[in-house]
Amino acid sequence: QVQLVESGGGLVQTGDSLRLPCAVSARTFSDYQMGWFRQGPAKEREFVAAISRSGTRFDYADSVMGRFTVSIDDAKNTVYLQMNNLTPEDTAVYYCAAKYLGSYFHTSRAQNEYEFWGQGTRVTVSP
């Protein structure tokens, strides 16, 4: 059983930065591919970013490429989403997700492949 807890959301202005941590309660953290997804107003949930189990491969949606960065702190069993140069289009509830024993060197954008999900943290970006 794995539990994920996102935090760090809030109200910011265009151009601001924000870092979202996702605390992972798992026996072996490295057994999981980690991904970030978001759901904006009147939108379906979409892929944002992912990191491989190796910690060496990354994937980002075109809309956040160059602005968002995924990282991991193994000692804290925490994955982070660093968000820079935020715009109102980034307003959404952000979710972290875990895929058990996904490919060690690859990432996944497929939501249905992630078995475990956090409750989400809300990010609102004002103009």
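Sequence order as written defines residue numbering, which begins from 1 separately in each chain. Local features in this predicted model are restricted to residues whose pLDDT is 70 or higher, and side-chain atom pairs enter the listing and the counts only when it is 80 or higher, whereas totals over whole chains, interfaces and linings include all residues. Note: side-chain values were computed over all heavy atoms of the structure, leaving out hydrogens and water.

Asker: When you look at the pairing of strand E11 (residues 121-126) in this model, what are you seeing that I'm missing?
Answerer: Strand residues, when the strand is regular, have side chains that alternate between the two faces of the sheet. Categorising residues by exposure relies on relative accessible area from a 1.4 Å probe, with only protein chains included: less than 20% of the type maximum marks a residue as buried, more than 50% marks it as exposed, and the intermediate range marks it as partly exposed. Note on conventions: DSSP H or I runs of at least 4 residues are helices, E runs of at least 2 residues are strands, and numbering of each starts at the N terminus. Side-chain alternation along E11 places Thr121, Val123 and Val125 on a buried face and Arg122, Thr124 and Ser126 on a face that remains uncovered. Here strand E2 (residues 10-13) runs beside E11; their pairing, made up of four bridges, is parallel. Across the sheet, residue Gly10 finds its bridge partner in E11, namely Val123. Pairing between strand E9 (residues 92-100) and E11: three bridges, direction antiparallel. What makes two strands pair is DSSP finding at least two bridges between them.

Asker: Would you mind showing me how to read the pattern of salt bridges here?
Answerer: When charged atoms on two side chains of opposite charge get close, those side chains can pair. Salt-bridge detection follows one rule: a side-chain nitrogen of Lys or Arg within 4 Å of a carboxyl oxygen of Asp or Glu. Enumeration according to the criterion identifies five salt bridges in this entry. We note a salt bridge from Glu46 to Arg38, for which the minimum N-O separation is 2.8 Å. The partner of Arg67 in a salt bridge is Asp90, and the shortest N-O contact between them spans 2.8 Å. Residue Arg67 is located in the loop between strand E6 (58-60) and strand E7 (68-73), and its partner Asp90 is located in the loop between strand E8 (78-83) and E9; the two are separated by 23 residues in the primary sequence. The class of Arg67 is buried, set by a relative accessible area of 15%. Residue classification places Asp90 among the buried residues on the basis of a relative accessible area of 1%. Each of Arg38, Glu46, Arg67 and Asp90 takes part in one network of salt bridges that share partners.

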